[in-house]
Amino acid sequence: MDNGEIESADEEMPSHSGQKYRPVFAHEKSSIQMTSMESGPSSEVQLKKILIASPSETVSNVIEGTSHGHDEPNDTRRESKLELFGFDSLVNILGLKSMTGEQVPTPSSPRNGGEDISITIGLPKVASPKLGTMMGVFVPCLQNILGIIYYIRFSWIVGMSGIGEALLLVAFCGSCTFLTGISLSAIATNGAMKGGGPYYLIGRALGPEVGVSIGLCFFLGNAVAGSMYVLGAVETFLDAVPNAGFFRESVMVVSNSTATNGTTTEVITTVSTPSLHDLQVYGVIVTILLCFIVFGGVKIINRVAPAILIPVLVSIFCIFIGIFSAPRSNASSGITGLRAQTFRDNWSPAYQRTTNAGIPDPEGSIYWNFNALVGLFFPAVTGIMAGSNRSASLKDTQRSIPVGTLAATLTTSFLYLISVLLFGALATRDELLTNRLLTAEVAWPLPAIIYVGIILSTLGAALQSLTGAPRLLAAIANDDILPVLKYFKVTEGGEPHLATLFTALICIGCVIIGNLDLITPTITMFFLLCYAGVNLSCFLLDLLDAPSWRPRWKFHHWSLSLLGASLCIANQVHPKNWYPIPLIFCRPWGKLPENVPCHPKLADFANCMKKKGRGMSIFLSIIDGDYHELAEDAKTACRELSTYIDYKRCEGVAEIIVAPTMSDGFRGVIQTMGLGNLKPNIVVMRYPEIWRRENLTEIPSTFVSIINDCIIANKAVVIVKGLDEWPGEYQKQYGTIDLYWIVKDGGLMLLLSQLLLTKESFESCKIQVFCIAEEDTEAEELKADVKKFLYDLRLQAEVIVITMKSWEAQIEGGVQQDDSMEAFTSAQRRIAAYLAEMKETARKQGTPLMASGKQVVVNEQQVDKFLYTTLKLNSTILRYSRMAAVVLVSLPPPPLNHPSYFYMEYMDLLVENVPRMLIVRGYRRDVVTLFT
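This part covers the overall build of the protein. A count of helices and strands for the protein gives 26 helices and 20 strands. Counting across all 932 residues of the protein, residues that qualify as buried make up 54%. Summing over all exposed atoms, the protein offers an accessible surface of approximately 40,700 Å²; the carbon and sulfur share of this is 58%.

It is worth spelling out the packing of helix 20 (residues 699–712) against helix 26 (residues 900–911) at this point. Where helix 20 meets helix 26, the closest approach of the two axes is 8 Å, and the angle between their N-to-C directions is 80 degrees. In terms of their interaxial angle, helix 20 and helix 26 are classed as roughly perpendicular. Of the residues in helix 26, those in contact with Pro700, Ser701, Phe703, Val704 and Ile707 of helix 20 are Ser900, Tyr901, Tyr903 and Met904. Residues of the contact of helix 20 with helix 26, tallied by class, amount to 7 nonpolar, 2 polar and no charged.

Before going further, it helps to examine the pattern of salt bridges. Counted by the stated rule, this structure contains 14 salt bridges. For aspartate 517, the salt bridge goes to arginine 153, with nearest N and O atoms at 2.8 Å. Placement of the pair is aspartate 517 in helix 15 (residues 516–543) and arginine 153 in the loop between helix 2 (148–152) and helix 3 (154–188), with a sequence separation of 364 residues. Just as aspartate 517 is buried, arginine 153 falls in that class too. Between glutamate 840 and arginine 843 there is a salt bridge; the shortest N-O distance is 2.4 Å. With glutamate 840 and arginine 843 both in helix 24 (residues 819–845) and 3 residues apart, the pair spans about one turn of that helix. Among the residues examined, arginine 843 registers a relative accessible area of 58% and is labelled exposed. Overlapping salt bridges, with partners in common, bring together Arg153, Glu235, Arg436 and Asp517 in one network.

Taken as a whole and judged by the stated rule, the model has 0 disulfides. Cysteine 650 supplies the cysteine sulfur nearest to cysteine 608, a cysteine that is in no disulfide, at a spacing of 9.9 Å. Relative accessible area serves as the criterion here: at 10%, cysteine 608 is assigned to the buried category.

Take the environment of alanine 499 next. Within the secondary structure layout, alanine 499 lies in helix 14 (residues 497–513). Judged by relative accessible area, alanine 499 falls into the buried class, the value being 1%. Not counting chain neighbours up to four residues away, the residues in contact with alanine 499 comprise Pro470, Leu473 and Phe488.

With that out of the way, let us pick up the side chain of asparagine 859. Its location among the elements puts asparagine 859 in the loop between strand 18 (854–855) and helix 25 (860–881). A distance of 3.2 Å separates the side chain of asparagine 859 from the backbone nitrogen of glutamine 861, its partner in a polar contact.

Bringing the nonpolar core into the picture now. Core analysis: the biggest nonpolar cluster contains 110 residues, and Tyr150, Tyr151, Phe154, Phe377 and Tyr416 have the highest contact counts within it. Those residues in contact with tyrosine 150, other than ones at most four positions away along the chain, are Ile316, Ile319, Phe320, Leu415, Tyr416, Ser419, Phe423 and Thr439. Membership of the second largest hydrophobic core comes to 69 residues, among which are Ala659, Ile670, Met673 and Tyr903.

This part covers helix 19 (residues 662–672). Buried within helix 19 are the following residues: Met662, Ser663, Gly665, Phe666, Val669 and Ile670. End-on view of helix 19: buried residues confined to an arc of 160 degrees, all on one side of the axis. Opposite the packed face of helix 19, turned more than 90 degrees from it, sit the exposed residues Gln671 and Thr672. Those residues of helix 19 that are buried are in contact with strand 9 (582–585), strand 10 (617–624), strand 11 (652–659), strand 12 (682–686) and helix 20.

It is worth spelling out the packing of aromatic side chains at this point. Under the defined criterion, the tally for this structure stands at 29 aromatic pairs. Centroid distance phenylalanine 154 to phenylalanine 377: 5.8 Å. Interplanar angle 40 degrees. Geometry classified as tilted. Of the two residues, phenylalanine 154 is situated in helix 3 and phenylalanine 377 in helix 9 (residues 370–377); the sequence distance between them amounts to 223 residues. Summarising the burial analysis for this pair, phenylalanine 154 and phenylalanine 377 share the class buried. Taken together, a centroid distance of 6.1 Å and an interplanar angle of 45 degrees make the contact between tyrosine 644 and tyrosine 647 tilted. Here the residue tyrosine 644 and the residue tyrosine 647 both occupy positions in helix 18 (residues 627–647), the gap between them amounting to 3 residues, near one helical turn. Aromatic rings pair up to connect Tyr150, Tyr151, Phe154, Phe377, Tyr416 and Phe423 into one cluster.

We now examine the sheet that holds strand 14 (residues 736–741). Across a sheet, paired strands are connected by hydrogen bonds in the backbone, their directions being either parallel or antiparallel. Ordered in space as 11-10-9-12-13-20-19-14-15-16, the 10 strands form an open sheet in which the pairing is mixed. Each having just a single partner strand, strand 11 and strand 16 (797–803) make up the two edges of the open sheet. Strand-to-strand twist in this sheet, taken as the mean axis angle between neighbours without regard to direction, amounts to 20 degrees. Sheet strands touched by helix 18: strand 10 and strand 11. Its angle to strand 11, the strand with the most contacts, is close to 160 degrees.

Turning to a nonpolar patch on the surface, a few remarks are in order. The grouping of Phe246, Phe247, Val281, Ile285 and Leu289 at the surface amounts to a nonpolar patch, some 490 Å² of accessible area in total. By secondary structure assignment, the location of leucine 289 is in helix 6 (residues 276–296).

Of note, the amide linkage connecting alanine 326 to proline 327 takes the cis form, showing an omega dihedral of 0 degrees. Inspection of the secondary structure puts proline 327 in the loop between helix 7 (298–325) and helix 8 (340–345). Non-glycine residue arginine 794 carries a positive phi angle of around 60 degrees. For arginine 794, the position within the fold is in the loop between helix 22 (776–792) and strand 16. Backbone geometry at asparagine 913 places phi at a positive 65 degrees, although glycine is not the residue there.

Here we take up helix 22. With 17 residues, helix 22 should cover 24 Å at 1.5 Å per step; its first-to-last C-alpha distance of 25 Å lies within 8% of that length. Those residues of helix 22 that sit buried are Glu778, Ala779, Leu782, Asp785, Val786, Phe789, Leu790 and Asp792. In the segment just after helix 22, arginine 794 is the residue with positive phi, at about 60 degrees.

Rules of the game
- Residues numbered from 1 in each chain as written.
- Predicted model: local features only at pLDDT ≥ 70, side-chain atom pairs only at ≥ 80, totals over all residues.
- Heavy atoms only, no water.
- Helix = DSSP H or I, 4+ residues; strand = E, 2+ residues; numbered from the N terminus.
- Buried < 20%, exposed > 50% of the residue type's maximum accessible area, 1.4 Å probe, protein only.
- Areas by Shrake-Rupley, 256 points an atom, 1.4 Å probe, with all protein chains shown as cover.
- Axes fitted to C-alpha atoms, helices over the stretch in contact; angles between N-to-C directions.
- Parallel < 35°, antiparallel > 145°, perpendicular 65-115°, else oblique.
- Contact = heavy atoms within 4.5 Å.
- Nonpolar A, V, L, I, M, F, W, Y, C, P; charged D, E, K, R; others polar.
- Salt bridge = Lys/Arg side-chain N within 4 Å of Asp/Glu carboxyl O.
- Disulfide = S-S within 2.5 Å.
- Polar contact = N/O pair within 3.5 Å; in protein donor to acceptor, adjacent residues only side chain to side chain.
- Core = buried A, V, L, I, M, F, W, Y, C linked by side-chain atoms within 4.5 Å.
- Arc of directions from axis to C-beta.
- Phe/Tyr/Trp six-rings, centres within 6.5 Å; stacked < 30°, edge-to-face > 60°.
- Pairing = 2+ DSSP bridges.
- Patch = residues over 30% accessible without salt bridge, like charges linked within 9 Å, V, L, I, M, F, W, Y side chains within 5 Å.
- Expected span 1.5 Å × (residues − 1).

Bear in mind that shape data such as this cannot, by itself, settle questions of function.
Dropping the structure here:
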């Protein structure tokens, strides 16, 4: 059965590496210091140090301040080479922990990046040994699938249904579990998975309410299964030792026998069966003893459980040897050995009535047919979730769960199919129907081996049921979905004693029924409901991705929209439910015909940000002027934009804003547009490539203002460079999608790259992830972390780590000379001329340095450093990604108190000679997660 080891759903993931760290001091090369560009107006920034403690030393959080101006001559601290990108470089010693589910302190607002942040990484946890596919999934599944039904009911099922329908029965039940195993594997490998089994899977896929209903079915199935195991063990014991029973019960079996002269005679056989009362008494006693064991040693049970599989496998081996060596001298007359005539006689079904003990009787209380046998046999093929229950202990869940689960399902199904053929050819129909322990009688060399194997396997499985079911009930209770379950809650690390007692009462109640054949259909019902939930989860998750599935009934749209809106507003969006709501900035930085309200390729790109073209976009255009004068023009423009959106087959709404300036209009929109969690979360706009060519001096200040507004409003930003060359719907692209992942952006660039791959234009491309490290010592660890992170997300990408040292060797050594160097020197000249003009104006007017009406602070050494950083990055992009279909790179925030003109020069140098680029900035929230 599906009992496996139930682990806590709150178990933390171990650290990526088991290495021990010592404190890192400022004078050492491995100390990472990032200077923030987003500090307050006093030009003071905070420099954070991260000290990592060894187990024997105490961690001190050191926060130091430094001037944003000229460097101190005796300062021995290492400067960050990626200072332009802010303090949150990807090579920060925190690595990717925020994306793997571990909580790390983050500023409440992106503009608070200069505040004191103290981060302490504690002692590394000692990771427990991880299990592979064989011992972690295959063996537990095999152990739970091979159970009592095979030993004491399978030969009887073959006799009742015949060989033909028995094969159909095994194929039908095996197909159900195999298809469920495929769905389980798909859900379990859809990200990193904690413990919790089907409740965790379904609850995280379809919501906790659905998860509770299916989880309770799984709990009840396991609780009732415990009684099945107990009754199976007791029945085997009483069959092996008949004198141990307090009550005696015999059944008269009448069968017809045809003589050689054609006359038919009745043969009366007396069959001894365990008494119902004996089963009840012994069953209750065994259940109570098992409960005491469960209360006393859960860890021992989990350790001993795999060892119980050995006698099970030995017993099956002995059964097959006995089948091929039958009949032996002491065998029953009904055991003919493998005979073709016996096979033919047993091919057709022989459904009939039986007593409560399963013995054929024309006036019996139970009539068996194919449907009834499905309910009896189905528990023999369950157990496929034993591996997923141990997911937190697996080395590689994405490989182990599918391979181990499906391999165990196919192995046991093949074993059952072979057993049907062998049992059908081994013994007569009467022997199959009356000898409930035929497997023990034919076993070689002694039946006692089978008795021991049955009792050990059933008691071990019963212990697993009484151990796993209470923990599942406690996990459901801890989620506070059903108030009635509040009494079964347990604290982290605690034992679910009350839930164990409740499970034991259910088990005892079913044991008192005393009839294994009546209990198994109940177990079948519970597990079929659980498997239906798993399949439904996988089906719905796939169905919602199908573009053709959309509700057409217009009458309910409004009420459903209101309900959905209220749910979205009330709850915080989890990363697994996050999806982009882009705000498309339509007309800035480009000249379009009057009858084209939005750049055509911008609408195409908006569709690229949606999975299979679905999702809402907001198309925004701003008209400069007075609202009272231009209100009607705005309405007309809004209608034209809506028509254009429909023409481009892009799901979205049009918004036209009238404001004195573009900056004022955008600032109002970014603060007010949307409702709750339905606000736009990504601002998409075109890169202003024409600003210098058209001599549009107002663009730099407006561009920087918009980016700063997005940062303050906590919105992500995607800037499209080379929009004119963006591929249309049917323009196939080849090559690579290259990500230059410099700043931790919550996985937004990874998400965008995956969305691009879903489009026909980019489906033939491959993803390359370039990570920027500042030292060679960081490169290998960073590469390992990123590869592990991508693997857990099931993202196929090549990881390439480039260090700043390699950049310096490339540029300073003169290995490569390209157009970027000419652009670099041109930018230096233009900035020097602009700065000289600013200084002259300030001298004449007797004021501080001013730009765009604001006071600015210019650190010429820092300006050169920023230019040099963008030069190195641009040179690397041209070196590795010149032929890429599209390049994604982190967007550096505008340095505070720097002229907007300078920032445009930095950006121009960054995008120089790159034909198609997406410049991305996240908003300090995870948009991807490892967990389902």
